[in-house]
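Reading the structure
Below are the chains, spelled out letter by letter.
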Amino acid sequence: MSTGAGNGAALAPRSPDVTSSSVYADGVPYDRFAEMRATPGLVWHPYGEDGFWAVTRHEEIRLVSRQPEIYSSAVGHTNLWDLEADALEARRSLIDTDAPDHTRLRRLVARAFTPKNIRRWEHTVRSITGQLLDEFIDAGEGDWVESVAAPLPIRVILTLLGVPVEDSAYLVELSNHLVEGTTDRPTLAADAYGNTTDPRLLPFNSPASHALFTYGEQLGDQRRAEPQDDLVTMLVQAADDGDRLRPEEYRNLFHILVFAGNETTRTAITHGVMALADHPEQWQRVLDDRSLVEPAVEEILRWSTPVLHMRRTTTGPTELAGTAIEGGQKVVMWYASGNRDEAVFDDPTAFDVGRVDNPHQAFGGGGPHLCLGAFLARLELIVLLQEMADRGLRLRRTGDAVRVPSNFVNGVLSVPMAVVA
Amino acid sequence: MSDGAADEQVVMAVDDTRCIGGGQCELLAPDVFEVDDDTGIAAVTAPGLLDRVTALELLDRCPSGAISFAQPAP
């Protein structure tokens with residue numbers, strides 16, 4: 001198929017290639033994104049045998065996000081790479097659907113994530129956070145990811161779901177394998193965890209998805225037998241209601257709640273605390289004025305952009321930023337670029353906990369796929385900063401961060417930190 | 001920036017076929033909107049009056065485009 005590249009659009013890639021996973025092992029290629037933002041219209045970026053329209057400016061990310069009728073989530077895939085039709089069907093979740101399926105699925109879980117209902121978890125989040133921080137302070141130093149950033153969100157989401165907290169280490173392990181599935185370096189054997197499904201049909205091509213499905217199904221059976229006041233019970237009851245939730249939808253929903261509920265917040269907690277350690281004067285401002293906790297959290301979200309991109313596919317010919325787009329073409333929103341857009345953010349490369357106007361796109365650009373867990377993530381980050389401040393905790397880095405080589409998640413595998421005495 | 005219309009009250013409506021229960025309305029105007037715990041759908045609590053400035057921000061924030069002005073307040 002001919003692409004849109006012939007109509008005068010600028011051609012990428014120049015160096016570095018923003019689709020190359022290994023590039024991200026050294027950091028997000030912000031300079032290259034800045035070049036693309038400065039290029040009029042949209043940039044056509046070759047990818048595989050075809051390519052995609054790179055959407056790198058805040059305004060156009062907003063527009064694409066808010067027009068799901070034109071920019072579909074259900075066609076092709078929501079990542080750069082296409083999935084074959086059978087794989088897409090098997091893996092379809094809340095993320096890869098349009099209305100009316102998306103509306104039905106989202107409503108099943110939405111009520112658990114409204115601000116009002118999320119606030120009810122504040123005590124739980126505070127107690128988990130305090131415990132992890134006290135352990136880290138006692139140890140004096142350690143890997144921040146393993147010690148705090150990973151266990152905190154997984155324990156919180158598992159509590160919401162109704163998963164026994166003793167299983168959190170196992171689910172973190174599965175989650176780590178899923179992240180690895182977005183990189184060029186998967187290490188799990190196809191039959192790991194007793195998997196017999198073609199990995200192609202599993203989320204992130206990972207046998208760990210099989211393990212997570214199995215875990216979710218077993219937990220669902222338990223809750224069916226003995227209902228509890230938790231999210232899994234709510235979901236299995238919806239599944240038993242008939243047409244509200246099919247079995248494959250249940251397992252994909254369970255999968256996405258566990259993965260998205262822990263991996264993204266882990267990333268924000270890690271980048272956020274690294275930024276506070278690297279900019280001690282910014283943390284001092286928060287220590288001196290607690291009213292800066294909430295703006296600091298928004299700045300951490302902008303700064304960390306845990307999900308780097310999402311893709312849409314056009315349902316018909318359209319036009320964006322003066323560029324003609326054919327039907328069936330890939331349109332990729334680079335949130336990490338939108339969050340550094342100089343047209344929207346003053347001094348976007350500065351980490352500023354007092355930033356006043358901060359319409360960041362860490363949760364997406366709006367529209368129906370706006371992050372389901374946004375209020376939960378905010379609560380976790382707010383409580384974390386408050387509890388750190390209460391303890392007068394100052395941290396410094398004692399080594400380099402090891403980044404996930406992925407163009408999809410802005411993950412950090414480990415970063416050594418120490419308590420500043 | 002004020003044009004004198006900031007105090008104007010408008011009546012809000014929710015399209016329950018579009019609403020995804022995003023909760024932005026309940027956060028911004030808890031006296032006017034409530035997401036139902038059973039259906040996951042937002043509803044306007046009578047009489048649904050909201051000042052125009054908040055209403056315009058909400059129209060921008062609602063993720064599913066389910067919120068609209070029902071009619072100007074009497």
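Residues numbered from 1 in each chain as written. Chains lettered and ligands numbered in written order. Predicted model: local features only at pLDDT ≥ 70, side-chain atom pairs only at ≥ 80, totals over all residues. Heavy atoms only, no water.

Take the interface of chain A and chain B next. Note on interface size: it is often stated as the accessible area lost on association of the parts. Contacts between the two partners involve 19 residues from chain A and, on the opposite side, 21 residues from chain B. Note on chain A versus chain B: buried area summed over both sides is about 1600 Å², and carbon and sulfur give 46% of it. Together, Arg107, Arg111 and Lys116 of chain A form the three largest contributors to the area buried by chain A at its contact with chain B, with a combined 34%. Along the contact surface separating chain A from chain B lie five salt bridges. Glutamate 26 of chain B serves as the salt-bridge partner of lysine 116 of chain A, at 3.6 Å between the closest nitrogen and oxygen. Counting the contacts that link chain A with chain B gives seven residue pairs in polar contact (both at pLDDT 80 or more). Only helix 4 (101–110) and helix 5 (115–119) of chain A provide two or more residues apiece to the side of chain A that touches chain B. Class assignment for the residues of the side of chain A that touches chain B results in five nonpolar, five polar and nine charged. (Contact = heavy atoms within 4.5 Å. Buried area = accessible area lost by both parts, 1.4 Å probe. Salt bridge = Lys/Arg side-chain N within 4 Å of Asp/Glu carboxyl O. Polar contact = N/O pair within 3.5 Å; in protein donor to acceptor, adjacent residues only side chain to side chain. Helix = DSSP H or I, 4+ residues; strand = E, 2+ residues; numbered from the N terminus. Nonpolar A, V, L, I, M, F, W, Y, C, P; charged D, E, K, R; others polar.)

All names here are of chain A. Judged by pairing direction, the sheet is antiparallel, and its three strands sit side by side in the order 5-13-10 without closing on themselves. Both edges of this open sheet fall to strand 5 (141–143) and strand 10 (395–397), since each of them pairs with a single strand only. Between one strand axis and the next, the sheet turns through 30 degrees on average, direction left out of account. (Pairing = 2+ DSSP bridges. Axes fitted to C-alpha atoms, helices over the stretch in contact; angles between N-to-C directions.)

All names here are of chain A. Of all the positions in helix 2 (residues 58–65), only His58, Glu60, Ile61, Val64 and Ser65 are classed as buried. All buried residues of helix 2 project into a common sector of 165 degrees when viewed along the axis, lining one side. Among the structural elements, strand 3 (50–55), strand 4 (71–72), strand 6 (309–314), strand 7 (318–320), strand 9 (330–334) and helix 15 (335–338) are those in contact with the buried residues of helix 2. (Buried < 20%, exposed > 50% of the residue type's maximum accessible area, 1.4 Å probe, protein only. Arc of directions from axis to C-beta.)

Residues and elements named next belong to chain A. Two elements in contact, helix 12 (residues 247–278) and helix 14 (residues 293–304), have axes whose closest approach is 9 Å; the angle formed by their N-to-C orientations is 105 degrees. Viewed along their axes, helix 12 and helix 14 adopt a mutual orientation that is roughly perpendicular. On helix 14, the residues touching Thr267, Ala268, His271, Gly272, Ala275 and Leu276 of helix 12 are Ile300, Leu301, Trp303 and Ser304. When the residues that make up the contact of helix 12 with helix 14 are grouped by side-chain class, the tally is six nonpolar, four polar and no charged. (Parallel < 35°, antiparallel > 145°, perpendicular 65-115°, else oblique.)

A separate point is the packing of helix 8 (residues 151–161) of chain A against helix 16 (residues 374–390) of chain A. Residues and elements named next belong to chain A. Here helix 8 crosses helix 16 at 130 degrees, and the two axes come no closer than 11 Å. Classified by the angle their axes make, helix 8 and helix 16 are oblique. In this structure, helix 8 crosses over helix 16, and the sense of that crossing is right-handed. Between helix 8 and helix 16, the contacting residues are Leu152, Pro153, Val156, Ile157 and Leu160 on the first element and Leu376, Glu380 and Leu384 on the second. Each residue belonging to the contact of helix 8 with helix 16 can be placed in one class, and the counts come to seven nonpolar, no polar and one charged. (Left-handed = near helix turned anticlockwise from the far one by under 90°.)

The subject of this paragraph is the side chain of serine 93 of chain A. Residue placement: serine 93 of chain A occurs in the loop between helix 3 (85–91) and helix 4. Sequence-distant contacts of serine 93 of chain A, that is, excluding residues within four places in its chain, are made with Asn252 and Ile256 of chain A.

Two numbers describe a pair of aromatic rings. These are the distance of the centres and the angle of the planes. All names here are of chain A. Scanning the model with the defined rule gives 11 aromatic pairs over all chains in all. Geometrically, the ring pair formed by phenylalanine 33 and tryptophan 334 is tilted, given 5.3 Å between the ring centres and 40 degrees between the ring planes. On the criterion of sequence distance, the pair formed by phenylalanine 33 in helix 1 (residues 30–38) and tryptophan 334 in strand 9 is long-range, its members being 301 residues apart. Judged by relative accessible area, phenylalanine 33 falls into the buried class, the value being 1%. Judged by relative accessible area, which is 0%, tryptophan 334 ranks as buried. Note on tyrosine 215 and phenylalanine 254: the rings are 6.3 Å apart at their centroids and 25 degrees apart in plane angle, and the pair reads as stacked. With tyrosine 215 in helix 10 (residues 207–225) and phenylalanine 254 in helix 12, this residue pair connects regions lying 39 residues apart in the sequence. Taken individually, tyrosine 215 and phenylalanine 254 each receive the classification buried, so the pair is uniform in this respect. An aromatic cluster of three or more residues is present, and its members are Tyr170, Tyr193, Tyr215, Tyr250 and Phe254. A cation over a ring is seen here: arginine 302 above phenylalanine 345, with NZ or CZ 5.2 Å from the ring centre. (Phe/Tyr/Trp six-rings, centres within 6.5 Å; stacked < 30°, edge-to-face > 60°. Lys NZ or Arg CZ within 6 Å of the ring centre and 35° of its normal.)

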